[in-house]
Structures are given as structure tokens and as C-alpha cells.
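Residue-level structural notes
The lines below spell out each chain.
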Amino acid sequence: MSSDEEAAGPSNGGHPTNGLSDTVHQRNRLGILTIAAEAERVEVSYLRDALELTAGNLSRHLAVLEEADLIQIERGYHGRRPKTWIRITQQGQAALAAEINALQELLRRHQAYRPTP
């Protein structure tokens, strides 16, 4: 492979950053998806506290992810108290995996081509 081909990036179309999703890559949404991927479902109040978000800010991020079919929102009760949970969808799992793969490729390239001092 020539240095021009290496500089162009992977065979999927250029630089690894081309594989990053604007929807997933946003810091808080990436946090929501990674936490959701670690559990069967996650209570919204846990996400709010873990990511240090206001209720309104978290609500907007959840709406973006739900509109993209990356999460499902489930409302119900725990005892007599209303609760809201989220679950990552299969599409969300795939989007998160693609994001992580793109980040890993970006790191690999950066480490491989970083000039030595």
C-alpha cells in the first residue's frame, strides 16, 4: 500500500473520522448508549446523575436517540412511584459498535503515524 493510500484511510471511504456518527458521537449521547449497553435497562434518574445532566438536557438527548431508533423509552411504576427506563435497541448496539470501531481505528492510526521525538 502506498503512503497516499494509507493517508486516505480504510477501504470503507477515507479517514476514520468519516465513520463517526454525529448522533452517537456527542459526549452525553455516547455516555447514554455505553451505559445502556452495559445493562438490560437503565433508570433515567441514574443516567441523569451519572452523566451530571439536568432533567431537561437529558430529556432532549433521549429524544434524539429515540428518534434515531437507538433506544427505547419505557415508562412504568416501581411500587407507586412513576419511573422511566431506557433500553438500547439492536440498531443502537450496532451504532455504538461502529462508533467504537471508528474510534479504535483513529487511535491505531494516530499511534502508528505519530512522529517520534
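Read on for an overview of the structure. (Residues numbered from 1 in each chain as written. Predicted model: local features only at pLDDT ≥ 70, side-chain atom pairs only at ≥ 80, totals over all residues. Heavy atoms only, no water.)

With respect to the pattern of salt bridges
- Per the stated rule, a full pass over the model turns up 6 salt bridges.
- For the salt bridge of Glu40 with Arg87, the shortest nitrogen-to-oxygen distance reads 3.4 Å. Residue Glu40 is found in the loop between α3 (27-37) and β1 (42-43), and its partner Arg87 is found in strand β3 (residues 81-88); the two are separated by 47 residues along the sequence.
- On the accessibility criterion, Arg87 (24% relative accessible area) is partly exposed.
- One network of salt bridges, in which partners are shared, links Glu40, Arg41, Glu74 and Arg87. (Salt bridge = Lys/Arg side-chain N within 4 Å of Asp/Glu carboxyl O. Helix = DSSP H or I, 4+ residues; strand = E, 2+ residues; numbered from the N terminus. Buried < 20%, exposed > 50% of the residue type's maximum accessible area, 1.4 Å probe, protein only.)

Considerations on the pairing of β3
- The sheet contact formed by β1 and β3 spans 2 bridges and is antiparallel. Its bridge partner being in β3, Glu43 is matched across the sheet by Trp85.
- The sheet contact formed by strand β2 (residues 71-78) and β3 spans 8 bridges and is antiparallel. Across the sheet, Ile73 pairs through a bridge with Ile86, a residue of β3. (Pairing = 2+ DSSP bridges.)

Some remarks on the side chain of Arg29
- If you trace the backbone, Arg29 turns up in helix α3.
- Asp22 is the oppositely charged side chain nearest to the buried, salt-bridge-free Arg29, at an N-O distance of 7.8 Å.
- In this structure the side chain of Arg29 is engaged in a polar contact, spanning 3.2 Å, whose partner is the side chain of His61.
- In contact with Arg29, not counting residues within four places along its chain, are Asp22, Thr23, Val24, His61, Val64 and Leu65. (Lys, Arg positive; Asp, Glu negative; His and termini not counted. Polar contact = N/O pair within 3.5 Å; in protein donor to acceptor, adjacent residues only side chain to side chain. Contact = heavy atoms within 4.5 Å.)

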